[in-house]
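Coordinate inspection notes
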Amino acid sequence: MIKRFNVEERYSDMAVFNGVAYLAGQIAEDLTQNIEGQTREVLGMIDKLLVQANSDKSRILMAQIFLADLADYDGMNAVWDEWVKEIKGNAPPRATVQALLAGVEYKVEIVVTAAQYQP
């Protein structure tokens, strides 16, 4: 059975199937923030969704990071490195690319896929 979270007309924030959580691209709500602030907010949103899926960042199978400007790569990485430091030895596989995001104020969008904890 597929379980969807925060379902809206156009999309869901997450779907869970067969022990795997698939998160939609997460973007910051406060778009006035710099890259560090937006990244921090997005990673916090990911943490909350993973808890709802009975998972956490140590169980991420793949992360895809989309930056509006590669000049923000170092700023995003500074926040990312702090976030993954908590899961010593479990940094997930990751891809980072520059992309034209859906809004000019978006600096970063992150998509993750994660395994659930088994009961």
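Look above for the structure.
In this report, the structure presented in the accompanying data block is examined. The structure presented is a predicted model; accordingly, all values stated were derived computationally and were not measured.

A closer look at the environment of Glu109
Counting through the fold element by element, Glu109 comes out in strand β6 (residues 108–115). It is 5.7 Å that separates the C-alpha atoms of Glu109 and Gly25, two residues lying 84 residues apart in sequence. Among all residues touching Glu109, those that are not within four sequence positions of it are Gly25, Gln26, Ile27, Gln64, Ile65, Phe66 and Leu101.

Brief notes about the sheet that holds β6
Pairing is mixed across the open sheet formed by 6 strands, whose spatial order is β1-β2-β3-β6-β4-β5. Both edges of this open sheet fall to β1 (3–5) and β5 (94–98), since each of them pairs with a single strand only. Across the sheet, the axes of successive neighbouring strands diverge by a mean angle of 15 degrees, strand direction being ignored. Pairing of strand β4 (residues 60–67) with β5 involves 5 bridges; the strand directions are parallel. For Phe66, the partnering residue across the bridge sits in β5 and is Val97. Along the sheet, helix α1 (residues 35–52) contacts β1, β2 (14–17), β3 (20–23), β4 and β6; its crossing angle with β6, the most-contacted strand, is approximately 25 degrees.

Some thoughts on the pairing of β6
Among the 8 residues that make up β6, 6 are buried, leaving the element largely enclosed by the rest of the structure. Taken together, the 3 bridges between β3 and β6 define a ladder with antiparallel strand orientation. Within β6, the position partnered with Ala21 by the bridge is Ala114. Bridge count between β4 and β6: 7 bridges; the pairing is antiparallel. Its bridge partner lying in β6, Ile60 is registered against Ala114.

Side note on the pattern of salt bridges
Counted according to the given criterion, the structure contains 2 salt bridges. Here Lys57 and Glu86 are joined by a salt bridge, their closest N and O atoms 2.8 Å apart. A residue pair is termed long-range when its members are at least 10 positions apart, and Lys57 in the loop between α1 and β4 and Glu86 in the loop between α2 (73–85) and β5 qualify at 29 residues. A relative accessible area of 8% places Lys57 in the buried class. Judged by its relative accessible area of 58%, Glu86 falls in the exposed class. Of the charged contacts, one joins Glu82 and Lys85 as a salt bridge, the two residues approaching to 3.2 Å between their closest N and O atoms. Here Glu82 and its partner Lys85 are both found in helix α2, 3 residues apart, which amounts to about one turn of the helix. The exposure class of Glu82 is partly exposed, given its relative accessible area of 47%.

Cut-off values and rules
- Residues numbered from 1 in each chain as written.
- Predicted model: local features only at pLDDT ≥ 70, side-chain atom pairs only at ≥ 80, totals over all residues.
- Heavy atoms only, no water.
- Helix = DSSP H or I, 4+ residues; strand = E, 2+ residues; numbered from the N terminus.
- Contact = heavy atoms within 4.5 Å.
- Pairing = 2+ DSSP bridges.
- Axes fitted to C-alpha atoms, helices over the stretch in contact; angles between N-to-C directions.
- Buried < 20%, exposed > 50% of the residue type's maximum accessible area, 1.4 Å probe, protein only.
- Salt bridge = Lys/Arg side-chain N within 4 Å of Asp/Glu carboxyl O.

By themselves, these are just geometric observations and shouldn't be taken as functional.
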